[in-house]
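# Structural features, examined
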Amino acid sequence: MNTKDTQTLTISHFQAIEARAHELRAEAFANMMRSLFRALFRAPRKVISCPSCARPLHG
């Protein structure tokens, strides 16, 4: 069995890994912000459409 089965990483490999990690973090942050703002803008509509908040149909 060979004791050196792992490959050595070069600086370019590290830079590629860091760049990919940055892309994934940016994408995750964008998705989180998008869902947060979507929830904030939908909240008033959900409150208004709540049956207990609706105006009675009879006078």
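Structure's up top.
Notes on the structure in this doc start here. (Residues numbered from 1 in each chain as written. Predicted model: local features only at pLDDT ≥ 70, side-chain atom pairs only at ≥ 80, totals over all residues. Heavy atoms only, no water.)

## A few points about the overall build of the protein
When you go through the protein residue by residue, the secondary structure sums to one helix and zero strands. Split into buried and exposed, the 59 residues of the protein put 0% on the buried side. Summed over its atoms, the accessible surface of the protein is roughly 6100 Å², and 63% of this surface lies on carbon and sulfur atoms. (Helix = DSSP H or I, 4+ residues; strand = E, 2+ residues; numbered from the N terminus. Buried < 20%, exposed > 50% of the residue type's maximum accessible area, 1.4 Å probe, protein only. Areas by Shrake-Rupley, 256 points an atom, 1.4 Å probe, with all protein chains shown as cover.)

## Focus on the pattern of salt bridges
As enumerated under the stated definition, the model contains one salt bridge in all. Between Glu23 and Arg20 there is a salt bridge; the shortest N-O distance is 3.4 Å. Of this pair, Glu23 and Arg20 both sit in helix α1 (residues 11-48), separated by three residues, roughly a single helical turn. Among the residues examined, Glu23 registers a relative accessible area of 45% and is labelled partly exposed. (Salt bridge = Lys/Arg side-chain N within 4 Å of Asp/Glu carboxyl O.)

## Re α1
For α1, which comprises 38 residues, the first-to-last C-alpha distance of 56 Å matches the rise-based estimate of 56 Å (1.5 Å per residue) to within 8%. Along α1, the largest kink reaches about 30° and is centred on Arg42; proline Pro44 follows within four residues of it. (Expected span 1.5 Å × (residues − 1). Bend = angle between axes of the 7 residues up to and from the residue.)

## Examining a nonpolar patch on the surface
The grouping of Leu9, Ile11, Phe14 and Ile17 at the surface amounts to a nonpolar patch, some 410 Å² of accessible area in total. Relative to the helices and strands, Phe14 resides in helix α1. (Patch = residues over 30% accessible without salt bridge, like charges linked within 9 Å, V, L, I, M, F, W, Y side chains within 5 Å.)

## What about a positive patch on the surface?
A contiguous patch of positive charge, built from Arg34, Arg38, Arg42, Arg45 and Lys46, is present on the exposed surface. In this structure, Lys46 sits in helix α1. According to the relative accessible area criterion, Lys46 is exposed, its value standing at 61%. (Lys, Arg positive; Asp, Glu negative; His and termini not counted. Charge placed at Lys NZ, Arg CZ, Asp CG, Glu CD.)

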